[in-house]
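Geometric and topological summary
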Amino acid sequence: MRRCCFDYRYLLLVAAVPFIYIQIRLFSAQSQYVDRLADAIESEKQCTRQTRQLIDQISMQQGKIVSLEEEVKRQDEKCRQMKALVEDLERKRIKKMAGDIKVPVAAVVVMACNRADYLDRTLKSILKYQTPVASKYPLFVSQDGSDPHVKRKALSFDQLTYMQHLDYEPVHTERPGELIAYYKIASHYKWALDQLFYKYDFSRVIILEDDMEIAPDFFDYFEAGAALLERDKSILAISSWNDNGQRQYVHDPYAIYRSDFFPGLGWMLTRSTWDELSPKWPKENHRGRQFIRPEVCRTYNFGEHGSSMGQFFKQYLEPIKLNDVQVNWKSIDLSYLEQDKYMEHFTRLLKKATPVAGHDSIPANTDDIRILYHNQEDFERIARQFGIFEEWKDGVPRTAYKGVVVFRYQTRRRVFLVSRDSLQLFGIKQHSFLRLLQSIPT
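Analysis parameters
- Residues numbered from 1 in each chain as written.
- Predicted model: local features only at pLDDT ≥ 70, side-chain atom pairs only at ≥ 80, totals over all residues.
- Heavy atoms only, no water.
- 1 Å grid on protein atoms, 1.4 Å probe; cavity = no way out; pocket = protein on both sides within 12 Å on 5 of 7 lines; lining within 4 Å.
- Points joined across faces, edges and corners; volume = space filled by probe spheres on them.
- Helix = DSSP H or I, 4+ residues; strand = E, 2+ residues; numbered from the N terminus.
- Nonpolar A, V, L, I, M, F, W, Y, C, P; charged D, E, K, R; others polar.
- Salt bridge = Lys/Arg side-chain N within 4 Å of Asp/Glu carboxyl O.
- Buried < 20%, exposed > 50% of the residue type's maximum accessible area, 1.4 Å probe, protein only.
- Contact = heavy atoms within 4.5 Å.
- Expected span 1.5 Å × (residues − 1).
- Phe/Tyr/Trp six-rings, centres within 6.5 Å; stacked < 30°, edge-to-face > 60°.
- Lys NZ or Arg CZ within 6 Å of the ring centre and 35° of its normal.

1. Structural notes on empty space enclosed by the protein
Here the structure, examined in full by the defined rule, presents three cavities of 30 Å³ or more. Put simply, the largest cavity is a space of about 50 Å³. If you add up the space inside the second largest cavity, you get close to 40 Å³. Along its surface, the second largest cavity is lined by Asn242, Asn244, Tyr249, Tyr257, Arg293, Glu295, Val406, Phe407 and Arg408. Per-element accounting of the lining of the second largest cavity gives the leading share, three residues, to strand 15 (residues 405–408). Residue composition of the lining of the second largest cavity, by class: four nonpolar, two polar and three charged.

Structure, rendered in structure tokens:
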């Protein structure tokens, strides 16, 4: 019995050991769990705090975002206002610039060769009046050949563009005895005008030579002429020269005439005209068109020595009257120079003129007079008596309009040298004209 009891206790002891071990393990596991749970709870609390902090930060950032959005809107509004202001100012600036910008009226080219001293005098005369209107009249010098003094002189002026024409081709004249120099000059003119019209793209060009001085109203005169060229396509060119512009034959700086004779010596033409002339230059083809020329010259030719060998200089060029009156051409209506109106205008002048037999029959107290010439020989005789140019070219006397040459005589009085055909053209009856001549005592 005791032995059985001992065995029972022993079994209980043996059973208790695993139980205790299990309990210890369970307690240990529970402790670890509790620690982990505590850590998890702490982590959760920390995460919650961080979440709350993050939420607070997000709320703050949202507030900032809202503020920034409002600021962006304000800035956008300011930008729109500034943009509108800038656009308004830009429009005003563009309008002002458009008002200030001067579209060139014409390029001005001085044709030069080998006279550096002449070129210097010419350029100084031009720049005296061109500088205030330089944007309207860009200045060029075109040199024919390679004279170093001329090139150096041209390049010494900052206010102009220099061009150089080099042509080494031999010259073949059309007729024996013709001056080669004139063919060289013609070649140079063609090259320079091609450059200015087709390379530089000007709509008009004023051509001067290197032995000219200009009048104070030179540029205003050509600006008025440019408008006339655009309106009246029967005008081939505007000239600043009058072949009979010597002091004793001119009076009125406001007077302008049409002419069938090309005056040259300071003239302006348009690109459309050059388009026509360039392919067959230097051969002329007026096609019935005419030229505008002043009574008082706007250029003065001082070139006694040049390609013309000083021909006629003392008699015809040196006494030329260079206009010294500042004419306000913008205030003057030049529409009377248009083709149809001018015919009527000139007819009235002719009809008012008193007919006389000749140079020796001019009454002392008459105004304008007209003298009939019968042919070229008769014209030359009368021209010699007055001292004006006798020369004709292609059947046209110098300065003539419809066969009529006009010049001043003894200050204000105009003299009209009129052909028989001109009388008929202007509607003046020849028989009444002759009766008047016969009634005047010789």
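2. Here's the deal with unusual backbone geometry
With the exception of glycine, the majority of residues adopt a negative phi angle, and the majority of peptide bonds are in the trans configuration. Following Trp281, the chain continues to Pro282 via a peptide bond in cis, the omega torsion being 10°. Within the secondary structure, Pro282 is located in the loop between helix 6 (271–277) and strand 9 (290–294). Positive phi outside glycine occurs at Leu265, with the angle close to 50°. Take Leu265: it is sitting in the loop between strand 7 (256–259) and strand 8 (267–270).

3. Looking at the pattern of salt bridges
Using the criterion set out here, one finds 25 salt bridges in the structure. Residue Asp120 is joined to Lys124 by a salt bridge in which the shortest nitrogen-to-oxygen separation is 3.1 Å. With Asp120 and Lys124 both in helix 2 (residues 116–130), this residue pair falls four residues apart, about one helical turn. On the basis of relative accessible area, Asp120 is assigned to the buried category, the value being 15%. Within this structure, Arg115, Asp210 and Asp211 form a network of salt bridges that share partners.

4. Digging into the side chain of Ser125
Position of Ser125 relative to the elements: it lies in helix 2. Those residues in contact with Ser125, other than ones at most four positions away along the chain, are Glu213 and Ile214.

5. Here's the deal with helix 5 (residues 218–231)
For helix 5, with 14 residues, the first-to-last C-alpha span of 20 Å sits near the 20 Å given by 1.5 Å per residue. Those residues of helix 5 that fall on the buried side of the exposure criterion are Phe218, Phe219, Tyr221, Phe222, Ala224, Gly225, Ala226, Leu228 and Leu229.

6. Description of the layout of surface pockets
In this structure, the second largest pocket encloses a volume near 160 Å³. Every residue along the wall of the second largest pocket is listed here: Asp220, Glu223, Ala224, Ala227, Leu228, Arg231, Trp329, Lys330, Ile332, Asp333, Leu334 and Ser335. For the lining of the second largest pocket, the residue count by class is six nonpolar, one polar and five charged.

7. Observations concerning the packing of aromatic side chains
For the structure shown, the criterion picks out 24 aromatic pairs. Aromatic pair Phe262 and Phe291: ring centres 5.1 Å apart, planes at 45°, arrangement tilted. With Phe262 in the loop between strand 7 and strand 8 and Phe291 in strand 9, the pair connects residues that are 29 residues apart, well separated along the chain. Three or more aromatic residues joined by ring pairs make a cluster, and in this case those are Tyr137, Phe218, Phe219, Tyr221, Phe222 and Trp329. For Arg121, the ring lying beneath its charged end belongs to Phe302, and the centroid distance is 3.9 Å. Cation over ring: Arg398 sits above Phe389, and NZ or CZ is 4.4 Å from the ring centre.

These results come straight from atomic positions and should not be treated as a statement about function.
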